[in-house]
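# Results of the structural survey
One-letter residues, chain by chain:
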Amino acid sequence: MMSNHIKLMQGNEACVEGAIAAGMRFFAGYPITPSTEIAEISAQRLPRVGGKFIQMEDEIGSMAAVIGASLTGLKAMTATSGPGFSLKQENIGYAAIAEVPCVIINVQRGGPSTGLPTSPAQGDIMQAKWGTHGDHPVIALSPSSVRETFDLTIKAFNYAEKYRVPVIMLMDEVIGHMREKVEIPNREDLEVIDRKKPTSGLVDYKPYRIEDGELVPPMAEYGGEYRFHVTGLVHDETGFPSNTPKVAESLIKRLIKKIDDNKKDIFLYEEYKLEDAEIALISFGSTARSAKSAVDMARAEGIKVGLFRPITIWPFLDTEIEQLAKKVNKIITVEMNLGQYAIEVERKACKYAHVDKYGKLNGELITPDEILKKIKEV
Amino acid sequence: MSSRLINEYLREDKLPHIWCPGCSHGITMRAIVKAIDNLNIEKNNICIVSGIGCSSRAPGYMDFNTLHTTHGRALAFATGIKMANPKLKVIVITGDGDCAAIGGNHLIHAARRNIDITTIVFNNNIYGMTGGQYSPTTPQGERGTTAPFGNIDKNFNLCNLVKAAGATYTGRSTAYHVNMITKLVEEGIKNKGFSFIETLSICPTYYGRKNKKGNVVDMMNYLKNNSINVKAAEKLSDEQLKDKIIVGELYKTQEPEYTEEYKKIIESFQKER
């Protein structure tokens, strides 16, 4: 169907194309700048592939409809930005505890509140991790090009399906609206993972039963072979609520462990000119593009700088950051906020390297010149 | 009769239920199960969705596909389920606080779309699970723990609200008029579109006690003595109907159903190929 072809497209468009290639067949959303194109293009594209699109009455309802559709067997996604991301948080927690695969695209804009609707920001790093209440697992990814947005949206669905978790794509306004040349791969070259289903014909089906040595229960769908109950309450392997401390502890610990034990599979990052670097920049999303230019500019002046670009934002790249800190003398985090990712970096790196941060949140992009100046300062 | 319904449709290992002595939610739950039995629908083809509150605990006891969601959001989750698999009969069980306060937006929009979901509200005029706070259906002047001097909020007429929003079937009954609940739910499920059935429930523990409504029998008698069938009500003036509970099938019409309309869009592309 999809041939190997080259297209000029926007990040938001690449996101939808990636989602459809990954098997997305349901989208629920609510208009919000700067993610609206994702809803618009989904509305155009989905019925053509037999999928469903619905514009819900609000952001909360969109997240709810996505979970309902996923429980009914469809790969489902929603897209939003700052204020909408805040509104979705309660139901993101529901998806985490009930283990419902889903993808949430957050095209970040300036905040808090209505903030700077048409300007880029990277201020939702911590909200992606801690936005919903309670300890819970989450995976968050951040693309820094249009092509990578395509690839990472597929990865987002794959992780969601494999680990039965909500996966958050932390895009930003620049990546969402920027147009770049994208070579769309052949469908047969793409790795697409589907949720594991329970075996047929079980006499005593339990929706959250874990096989020995596994951490993720297979998932049935409403309208299929098995009838089952799903709740946002703490539940045992039958899916029914339980107040037992032992059940509560083992459930939440397993939810965390299923991500922690699979970090190797989930950790994605890029290293640029780090081999002999004395200073490492850490930057992601659109900001990493400026950081890469700054590395080249600094190198032209003989300063040994490299770039470490986290692609997986959550779970935090702890072992990798620690390794990096051991190799270099200084680390500078560069992000469009006042140092949200920097907090995590400092925690892991401070023993081995000096950590400095550069942040900006006035709605303007961070330029390579600014980063170069910061490099020279430290 | 009852034991057959219990054996066939309830999750016996989840009983006894958590509802207080004298609460009428169990009566309503049984009436719904009876309606499903009368319609002879395959259990796997039914999905019952609820929000948060006393009424929303019902699906946990009912042996179908069941989903206990977040507060107020049952209809939004149900919309995703119905869109994903329109063959499923989707039923929402909710309460007055769940559907008319925190979930009010989803209620009017599900009605507006005329999506084929049957919504049954267990209206006990109070937030029971949290201990007796006034709800959007607590009558003016009545008390709740958060209305210690009497409720000054005007209460919703839920059936009128959803009719105005676009529902194609509405009906009202009470925990006293059990067979009527069954009949209305049957008709609601049969209706191809958004159906809304309000069932008045009694909460002797909080609403009754706070408002000196007497014992359980007194509260049941109140439902019996103050209800009037919609047909009989037509002949009476507004003044005569003041404080009366109008019960029966209130509204029925036919409009295009949401998932059918969306199916037409999908099919238009299949023809193109």
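Calculation notes
Residues numbered from 1 in each chain as written. Chains lettered and ligands numbered in written order. Predicted model: local features only at pLDDT ≥ 70, side-chain atom pairs only at ≥ 80, totals over all residues. Heavy atoms only, no water. Helix = DSSP H or I, 4+ residues; strand = E, 2+ residues; numbered from the N terminus. Contact = heavy atoms within 4.5 Å. Pairing = 2+ DSSP bridges. Axes fitted to C-alpha atoms, helices over the stretch in contact; angles between N-to-C directions. UniProt positions renumbered as here; feature names shortened; annotations may be inferred. Domains from an automatic or database assignment. Buried area = accessible area lost by both parts, 1.4 Å probe. Salt bridge = Lys/Arg side-chain N within 4 Å of Asp/Glu carboxyl O. Disulfide = S-S within 2.5 Å. Buried < 20%, exposed > 50% of the residue type's maximum accessible area, 1.4 Å probe, protein only. Patch = residues over 30% accessible without salt bridge, like charges linked within 9 Å, V, L, I, M, F, W, Y side chains within 5 Å. Areas by Shrake-Rupley, 256 points an atom, 1.4 Å probe, with all protein chains shown as cover. Lys, Arg positive; Asp, Glu negative; His and termini not counted. Charge placed at Lys NZ, Arg CZ, Asp CG, Glu CD. Right-handed = clockwise from strand over helix to strand, strands pointing away. Nonpolar A, V, L, I, M, F, W, Y, C, P; charged D, E, K, R; others polar.

## Details of the side chain of A:His235
The residue A:His235 is located in the loop between β10 (229–231) and α8 (245–260) in this model. Excluding residues that lie within four positions of it along the chain, A:His235 makes contacts with A:Ile97, A:Ala98, A:Tyr208, A:Phe240, A:Pro241, A:Ser242, A:Val247 and A:Leu251.

## Digging into the sheet that holds strand β7 (residues 169–174) of chain B
What the nine strands build is an open sheet, ordered β10(A)-β2(B)-β1(B)-β3(B)-β4(B)-β8(B)-β7(B)-β10(B)-β9(B); its pairing is mixed. In the strand order of this sheet, the two ends are held by β10 of chain A together with β9 (227–229) of chain B, each with one partner. Here the average twist between neighbouring strands, direction ignored, is 20°. Note: strand β1 (residues 46–50) of chain B against strand β3 (residues 89–95) of chain B, five bridges, orientation parallel. Within the sheet, the bridge partner assigned to B:Ile46 lies in β3(B) and is B:Lys89. Relative to β10(A), helix α4 (residues 82–98) of chain A is tilted by about 135°, and along the sheet it contacts β10 of chain A together with β2 (65–68) of chain B.

## Examining the UniProt feature "domain: Thiamine pyrophosphate enzyme TPP-binding" (unreviewed entry) in chain B
With numbering matched to this structure, UniProt assigns "domain: Thiamine pyrophosphate enzyme TPP-binding" (unreviewed entry) to residues 52–198 of chain B. Annotated as 33% helix and 22% strand, the span residues 52–198 of chain B places its first and last C-alpha atoms 17 Å apart.

## Some words on the domain arrangement of chain A
Residue and element names in this part refer to chain A. By the assigned domains, chain A splits into domain 1 (1–266) and domain 2 (268–377). Taking only C-alpha atoms, the centre of domain 1 and the centre of domain 2 are 28 Å apart. Of the roughly 2,300 Å² buried where domain 1 meets domain 2, counting both sides, 59% is carbon and sulfur surface. There are three salt bridges connecting domain 1 and domain 2. When the shortest N-O distance is used, the salt bridge between Glu148 and Arg309 registers 2.7 Å.

## Considerations on the state of the cysteines
Per the stated rule, a full pass over the model turns up zero disulfides over all chains. In this model A:Cys15 remains outside any disulfide bridge; the closest cysteine sulfur is found in A:Cys102, 14 Å from its own. For A:Cys15, a relative accessible area of 0% corresponds to the buried category. Cysteine B:Cys203 is unpaired, with the sulfur of B:Cys20 as its nearest cysteine sulfur at 6.4 Å. According to the relative accessible area criterion, B:Cys203 is buried, its value standing at 7%.

## Quick notes on a positive patch on the surface
Residue and element names in this part refer to chain B. Together, Arg143, Arg209, Lys210 and Lys212 line one region of the surface with positive charge. Note that Arg143 resides in the loop between β6 (133–134) and α6 (158–165). Residue classification places Arg143 among the partly exposed positions, given a relative accessible area of 38%.

## Quick look at the pairing of strand β8 (residues 195–200) of chain B
Residues and elements named next belong to chain B. Across the six residues of β8, six count as buried, placing the element largely inside the fold. Here β8 shows a buried face lined by Ser195, Ile197 and Thr199 and a second buried face lined by Phe196, Glu198 and Leu200. Relative to β8, β7 runs parallel, the two being bridged by six bridges. Note that in β8 the partner of Arg172 across the bridge is Glu198. Handedness of the crossover joining β7 and β8 through helix α7 (residues 178–190): right-handed.

## Looking at the interface of chain B and chain A
Residue-level contacts link 38 residues of chain B with 40 residues of chain A. Taken together, the two surfaces of chain B and chain A that pack against each other cover about 3,200 Å², and 58% of this comes from carbon and sulfur. A per-residue breakdown of the area chain B buries against chain A is headed by B:Asn44, B:His68 and B:Phe77, which together make up 16% of the total. Run the count over chain B and chain A and you get two salt bridges. Residue B:Asp63 pairs with A:Arg227 through a salt bridge whose shortest N-O separation is 3.1 Å. Where the side of chain B that touches chain A is concerned, the elements lending two or more residues are β2, α3 (74–84), α5 (104–113) and α12 (258–272) of chain B. Ranked by residue count, the leading element in the side of chain B that touches chain A is α3(B), at seven residues. Here the side of chain B that touches chain A is built from residues that sort into 16 nonpolar, 14 polar and eight charged.

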